[in-house]
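Summary of structural features
Given next are the chains, with one letter for each unit.
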Amino acid sequence: METHSGNFIKLTEEYLHFCIARKNLDYKTIKSYSIDLKQYSDFISDFSLTWNDKKSIEKFIEFMHSKFKPKSIKRKIASLKAFFHYLEIEEIIKVNPFHKIQIKYKEPFILPKTIPL
């Protein structure tokens, strides 16, 4: 495992370029991915964690639960999952840490607002 370094930032830049050039993703999606990956980068840097470690990802998910709403958390996890999937497909990492993480939580069910008669 490798500690947080410029390598992680370089890999995120390559991934975002891949998303633009090969996946043809919308600008807003790229911007969201960029923000999400930067938040993860800042988190692992602040706590001197290994960026491609299952425990680091689990700690980040726990941290997000204290800061964000469930829909935001789901999107941020999806962004990270997609990034790690890319790293695995490109053979940059041997094992995707998300293969060993169970993520299931209930989103609060919000009833639609009714129009008064």
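This text goes with the structure placed above it.
Bear in mind that the values here come from a model prediction, so they are computed numbers and not experimental data.

1. Some details on the overall build of the protein
What the protein contains, in helices and strands, is four helices and zero strands. Counting contacts in the protein only where the partners sit at least 6 residues apart, residues at least 24 apart contribute 61% of the total. Carbon and sulfur atoms provide 56% of the accessible area of the protein, an area that totals close to 8500 Å².

2. Topic: the nonpolar core
Of all hydrophobic cores here, the largest spans 28 residues; its most connected members are Tyr15, Tyr40, Trp51, Phe83, Phe84 and Leu87. For this core, the secondary-structure elements that each account for two or more residues are helix 1 (6-21), helix 2 (27-46), helix 3 (54-67) and helix 4 (70-89). The dominant element in this core, judged by the number of residues it contributes, is helix 4, at seven residues. In this view, tyrosine 40 contacts Phe8, Thr50, Trp51, Ser56, Ile57, Phe60, Leu80 and Phe84; residues no more than four positions away in its chain are not counted.

3. Some words on the packing of aromatic side chains
Evaluated as defined, the whole model comprises 16 aromatic pairs. One Lys or Arg, lysine 76, reaches over the ring of phenylalanine 68 and ends 4.6 Å from the middle of that ring.

4. So, the environment of glutamate 58
Take glutamate 58: it is sitting in helix 3. For the pair glutamate 58 and phenylalanine 98, spaced 40 residues apart in the sequence, the C-alpha separation amounts to 9.5 Å.

5. Points about the side chain of serine 79
Structurally, serine 79 can be placed in helix 4. When residues no more than four places from it in sequence are discounted, the contact partners of serine 79 are Tyr33 and Asp36.

Here is what the cut-offs are and how they apply
- Residues numbered from 1 in each chain as written.
- Predicted model: local features only at pLDDT ≥ 70, side-chain atom pairs only at ≥ 80, totals over all residues.
- Heavy atoms only, no water.
- Helix = DSSP H or I, 4+ residues; strand = E, 2+ residues; numbered from the N terminus.
- Contact = heavy atoms within 4.5 Å.
- Areas by Shrake-Rupley, 256 points an atom, 1.4 Å probe, with all protein chains shown as cover.
- Core = buried A, V, L, I, M, F, W, Y, C linked by side-chain atoms within 4.5 Å.
- Buried < 20%, exposed > 50% of the residue type's maximum accessible area, 1.4 Å probe, protein only.
- Phe/Tyr/Trp six-rings, centres within 6.5 Å; stacked < 30°, edge-to-face > 60°.
- Lys NZ or Arg CZ within 6 Å of the ring centre and 35° of its normal.

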